[in-house]
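# Geometric and topological summary
What follows is each chain in one-letter form.
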Amino acid sequence: MLTVVILAAGKGTRMLSSKPKVLFDLAGKKMIDYSINLALSLKPKKVIVVLGDKAEEVEKYISKYKVEIVIQKAQLGTADAVKTALPKIVAGSKVLILAGDMPLIDKELLTTFIKETTKDVSFISTKVETPDGYGRVLRDSKLDVISIVEEKDCNQNEKNIKEINSGIYLSTVSKLKVLLKDIKPNNSQKEYYLTDIITHGSGSFISKDSDKFLGINSREQLSVVSKIIWMQRAKYHLNNGVDIVDPSNCYLDDDIVIGSDTVIFPNVTIKSGSKIGKSCMIYNNTVIESSIISDNVEIKYGSVIEGSNIGSKSIVGPMARLRHGTVLKGLNKIGNFVEVKESELGLGSQASHLSYIGDATIGKDVNIGCGFITCNYDGIDKHKTIVGNNVFIGSDVQLVAPIKVGNDVLIGAGSTIVKDISSSDLAVSRSEQKNLKGSGLKYLLKTKKKKR
Ligand code: UD1
Ligand code: MG
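Computed from a prediction, not measured in an experiment: that's the story for all the values here. Counting restarts for each chain, with residues numbered from 1 along the sequence as it is written. Lettering of chains starts at A and numbering of ligands starts at 1, both following the order in which they are written. Totals for whole chains, interfaces and linings use all residues, but because this is a predicted model, local features are given only for residues with pLDDT of at least 70 and pairs of side-chain atoms are given and counted only at 80 or more. Only heavy atoms go into the side-chain values, all of them from the structure, while hydrogens and water stay out.

## Here's the deal with the site of ligand 1
Test applied: Being near a molecule or strand, for a residue, means having at least one of its heavy atoms within 4 Å of it. Throughout this description, a polar contact denotes any pair of N or O atoms lying within 3.5 Å of each other; where both atoms belong to protein, one of them has to be capable of donating a hydrogen while the other can accept it, and for residues adjacent in sequence the pair is counted only when both atoms sit in side chains. Per-residue and other accessible areas follow the Shrake-Rupley method at a 1.4 Å probe size, with only the shown protein chains counted as cover for residues. A helix here means a DSSP run of H or I that spans at least four residues, while a strand means a run of E at least two residues long, and both kinds are numbered starting from the N terminus. Residue polarity follows a fixed list, in which Ala, Val, Leu, Ile, Met, Phe, Trp, Tyr, Cys and Pro are nonpolar, Asp, Glu, Lys and Arg are charged, and the others, Gly among them, are polar.
Around ligand 1, 23 residues are found, and the nearest of them are L7, G10, Q72, E150 and N165. Taking L76, its main chain carries an N or O atom lying 3.5 Å from an oxygen atom of ligand 1. In this structure, an oxygen atom belonging to ligand 1 sits 2.8 Å away from a side-chain N or O atom of T78. Protein contacts shield 90% of the accessible area of ligand 1, which totals 750 Å² for the unbound molecule. Secondary structure elements with two or more residues in the shell around ligand 1: strand 1 (2-8), helix 3 (78-85) and strand 10 (163-172). Per-class residue counts for the shell around ligand 1 are 8 nonpolar, 11 polar and 4 charged.

Next up, the structure:
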């Protein structure tokens, strides 16, 4: 039986921010998401999160999880934080203590640690080249653990020790209670250090994966860890048949699917809830969020796609914006500076340049000319535009909604359409053109003189 305690009450002083440290964005999630998801993945009896600094903000954010929250009123140190969680710990369980600022720890590591631990109190250590900032592990001549010394309390010799405390501990509840009682803030920071539960003969699990223990205490560390996570995700997709032109420069959230033979060009962001089909080309500077992209789709440079469903063999962009509720049935073309919202375009329909299509249902094989606008908003309400199949809409046309256009309709360029159009009709609504003989040149000469 296991209880996991996540320590997340610290002030995060080194972040120099008004925001709680564990709510910093990290590779598409918040920092705290990583430790909570990890704790829950172990299927423990209970997960307790210790909050303190700006607790309300964090509490609100993590209310989506099935975890218990305890509040550490004053941040007196990591031992004090665990003390506040004690009353909630399931009796007779083992207690796994994690920190809210170590997002690279994984389930496999913790499972092995738990399985291999035999002592009442144990912790994970690892060896690193630059141990700066971490607690150092002191051992005797038989290599048994003596204690952990925080860097600020280290003498010069101790500072040279490369074995560091990961900040992950496992203990029985009974032993933990006894040990916590005796901890005194006898150190340079006058804090109650949890590291003091580790005494001569405590268990230690030395992990070879030192990279997993990077803790985030500063923005610089945040950026380092963030890079590692993005890279891990890129590698995952590379190993699943996706081409990633520059794995160090793509931003893939962790719950997305990408089909094989799809190519991801540099600086592409694919956010949560997206599914990309096979053999797609996703070009540079594209952002895709909560969208489904079918097979053989091309998304060109600088496009932004959210809450959309794109049918196969469609071409979108460059610089197109597909907003929530966009459905392209397939073989569509949405060109540059076209914005679509809450609209469906039937098979083969296209809008190649500079248009706004909102709250519209457009049939099959419709050609939408440059500068087309659905005037869907009257200042109070939004209205629908319905266009049939095989319609040709000339350039610079406005359809003032609510409006219906039948099948096989032709709409002349520059028309503002305010009345429904029946199938097979031609609609034009612009004033007749007059050509005045020679007047153009006369006018131009006059203005030129004035300018001089
Ligand atoms: C801690 C360890 C150090 C270890 C390192 C690994 C102690 C004294 N030191 O140092 O040996 O090498 O982690 O990353 O434990 N917290 C509370 N309440 C408090 C203070 C802290 O909940 O009163 C939480 C913080 O929010 C954080 C975690 O405990 O999630 C660790 O605290 P932090 O201040 O980051 O300790 P480190 O200096 O990193
Ligand atoms: Mg830390």
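Once the structure has been displayed, the description carries forward.
## Side note on the sheet that holds strand 26 (residues 326-328)
Two orientations exist for strands paired in a sheet by backbone hydrogen bonds: parallel and antiparallel. Definition in use: At least two bridges found by DSSP between two strands are what make those strands a pair.
Taken in spatial order, the 9 strands of this open sheet run 14-17-20-23-26-28-30-33-36, and their pairing is parallel. The open sheet terminates on both sides in strands that have one partner only, identified here as strand 14 (257-258) and strand 36 (403-405). Summarising the sheet, strand 30 (residues 360-362) and strand 33 (residues 385-387) pair through 3 bridges and their orientation is parallel. Bridging across to strand 33, I362 finds its partner in V387.

## Looking at the pairing of strand 8 (residues 136-139)
Here strand 8 pairs with strand 9 (residues 145-149) via 4 bridges, running antiparallel. Bridge pairing in strand 9 links L138 to S147. Connecting the antiparallel pair strand 8 and strand 9 is a turn made up of 5 residues, with L143 showing a positive phi of about 70 degrees.

## As for the coordination of the magnesium ion (ligand 2)
As a reminder, the rule being used: The donor definition counts N, O and S atoms within 2.8 Å of each metal and applies 3.2 Å to Na, K and Ca; water is not among these atoms, so some sites may look incomplete. For the exposure calls, accessible area comes from a 1.4 Å probe over protein chains only, and a residue counts as buried if that area is under 20% of its type's maximum, exposed if over 50%, partly exposed in between.
At 2.4 to 2.5 Å from the magnesium ion (ligand 2) lie its protein donor atoms, namely D101 (OD) and N217 (OD1). Of this pair, D101 sits in the loop between strand 6 (94-99) and helix 4 (107-116) while N217 sits in the loop between strand 11 (203-207) and helix 7 (219-238), and the two are 116 residues apart along the sequence. You'll find D101 and N217 in the same group, each marked buried.

## Re helix 8 (residues 439-451)
Definition in use: To estimate how far a helix should extend, the number of its residues minus one is multiplied by 1.5 Å.
For helix 8, with 13 residues, the first-to-last C-alpha span of 19 Å sits near the 18 Å given by 1.5 Å per residue. Among the 13 residues of helix 8, 0 are classified as buried, and the element is accordingly described as predominantly exposed.

## Some words on unusual backbone geometry
Residue P318 is bonded to the preceding G317 through a cis peptide linkage, with omega at 0 degrees. Note the cis peptide between A401 and P402, where omega equals 0 degrees. With respect to the helices, strands and loops of the structure, P402 is situated in the loop between strand 35 (398-400) and strand 36. Look at N267: it is not a glycine, yet its phi comes out positive at around 60 degrees. Position of N267 among the secondary structure elements: in the loop between strand 15 (263-264) and strand 16 (268-270).

## So, the side chain of T195
Let me state the cut-off plainly: The contact criterion used is simple: two residues touch if any of their non-hydrogen atoms lie within 4.5 Å.
Structurally, the position occupied by T195 is in the loop between helix 6 (173-182) and strand 11. Discounting chain neighbours no more than four positions away, the residues touching T195 are I148, E150, N165 and Y169.

## Here we look at the packing of aromatic side chains
Put simply, the rule reads: Stacked, tilted and edge-to-face are the three classes applied to pairs of Phe, Tyr and Trp rings, where Trp contributes its six-membered ring and a pair requires centres within 6.5 Å; stacked means planes under 30 degrees apart, edge-to-face means over 60, and tilted covers the rest. The criterion for a charge sitting over a ring is simple: Lys NZ or Arg CZ within 6 Å of the ring centre, and within 35 degrees of the ring normal.
Counted according to the given criterion, the structure contains 4 aromatic pairs. On the numbers, 5.2 Å between centres and 90 degrees between planes, the contact of W230 with Y251 is edge-to-face. Highlighted residues: W230 in helix 7 and Y251 in strand 13 (residues 250-252), separated in sequence by 21 residues. W230 sits in the buried class, given a relative accessible area of 14%. Between F265 and Y283, the ring centres sit 4.6 Å apart and the planes meet at 20 degrees, which makes this aromatic pair stacked. Note that F265 is positioned in the loop between strand 15 and strand 16 and Y283 in the loop between strand 18 (281-282) and strand 19 (287-289), a separation of 18 residues in sequence. Of note, K19 hangs over the ring of F24, and the distance from its end group to the ring centre comes to 4.2 Å. Stacked on the ring of Y377, the Lys or Arg K382 has its end atom at 5.2 Å from the ring centre.

## So, the pattern of salt bridges
Pairing is possible between side chains that carry opposite charge, provided their charged atoms lie close to one another. Under the convention used in this document: Think of a salt bridge as a Lys or Arg side-chain nitrogen and an Asp or Glu carboxyl oxygen that are within 4 Å of each other.
Inspection of the entire model under this criterion finds 14 salt bridges. For the salt bridge of E68 with K46, the shortest nitrogen-to-oxygen distance reads 3.2 Å. Note that E68 is positioned in strand 5 (residues 68-71) and K46 in strand 4 (residues 46-51), a separation of 22 residues in sequence. In this structure, D106 and K212 form a salt bridge, with 2.8 Å as the shortest nitrogen-oxygen distance.

## Structural notes on helix 4
The condition that has to hold: Working definition: the arc comes from the directions between the helix axis and the C-beta atoms, pointing outward to the latter.
Every buried residue of helix 4 is listed here: L109, L110 and F113. Projection of helix 4 onto a plane perpendicular to its axis shows the buried side chains occupying an angular sector of 95 degrees, all on one side. Of the residues in helix 4, the exposed ones pointing more than 90 degrees away from the buried face are E108 and K115.

Read these as spatial facts, not as claims about activity.
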